[in-house]
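Examination of the molecular architecture
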Amino acid sequence: MKNIVETAIQAGNFKTLVTAVQEANLVDTLTSSGPFTVFAPTDEAFAKLPKGTVEGLLKNKEKLTEILTYHVVPQKVMAQSVIKLKSAKTANGADVHIDTSHGVKVNNANVIKTDIECSNGVIHVIDTVLLP
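First, a word on scope: everything that follows refers to the structure included in this document. (Residues numbered from 1 in each chain as written. Predicted model: local features only at pLDDT ≥ 70, side-chain atom pairs only at ≥ 80, totals over all residues. Heavy atoms only, no water.)

Turning to the overall build of the protein, a few remarks are in order. Secondary structure summary: the protein contains seven helices and seven strands in total. Element order for the protein, N to C, with α for helix and β for strand: α-α-α-β-α-α-α-β-α-β-β-β-β-β. Here the C-alpha atoms of the protein give a radius of gyration of 13 Å, agreeing with the 14 Å that 2.2 N^0.38 yields for 132 residues. When its C-alpha atoms are laid out on the principal axes, the protein stretches across 35 × 30 × 25 Å. Going through the 132 residues of the protein one by one, you find that 43% of them count as buried. (Helix = DSSP H or I, 4+ residues; strand = E, 2+ residues; numbered from the N terminus. Rg over C-alpha atoms; globule rule 2.2 N^0.38 Å. Buried < 20%, exposed > 50% of the residue type's maximum accessible area, 1.4 Å probe, protein only.)

The full count for this structure, using the stated rule, is three salt bridges. In this structure, the salt-bridge partner of Glu117 is Lys76, at a minimum N-O distance of 2.8 Å. You can see Glu117 sitting in strand β6 (residues 109–118) and its partner Lys76 sitting in the loop between β2 (72–73) and α7 (79–82), a full 41 residues away along the chain. Its relative accessible area of 38% is what places Lys76 among the partly exposed residues. In this structure, Lys89 and Asp95 form a salt bridge, with 3.2 Å as the shortest nitrogen-oxygen distance. (Salt bridge = Lys/Arg side-chain N within 4 Å of Asp/Glu carboxyl O.)

Looking now at helix α2 (residues 15–23). Where α2 is concerned, the buried positions are Leu17, Val18, Ala20 and Val21. One side of α2 carries all its buried residues, which in axial view fall inside an arc of 160°. Of the residues trailing α2, Asn25 is marked for its positive phi of about 55°. (Arc of directions from axis to C-beta.)

Most often, soluble globular proteins have nonpolar side chains that are buried together. Of all hydrophobic cores here, the largest spans 27 residues; its most connected members are Phe14, Leu17, Leu30, Val38, Leu68 and Ile123. Here this core gets four residues from one element, more than from any other, and that element is α2. Counting 13 residues, the second largest nonpolar core, distinct from the first, contains Tyr70, Ala88, Val111 and Leu130. (Core = buried A, V, L, I, M, F, W, Y, C linked by side-chain atoms within 4.5 Å.)

Structural measurements only, silent on function.
Put into structure tokens, the structure is as follows:
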């Protein structure tokens, strides 16, 4: 079983996320034993951000790290547990809000695929970048 970063690379639709993780020097963290839950925005989710946002973030390591760690919960939370939560504390210290009234949403992002298991946690795919 591959770790979170290897799984994201292999999936092929997280190229922007992987680049951002590399730029923020978070690869070592997300390849460590964890466990982690990553709400992973697809390349399409990053493309929905205003033009120039991604490029600007890649040049601002502090802000990039703040946003990326907002997508990580420092424990393994499978979908059957996520749906019982109202919120979860992220690795950057802020909470994300979870709404299960119409599908599963994390803040304003729809969870479009769940429970991609990795050696050091789990990935849930989201359609929107979470902004703290």
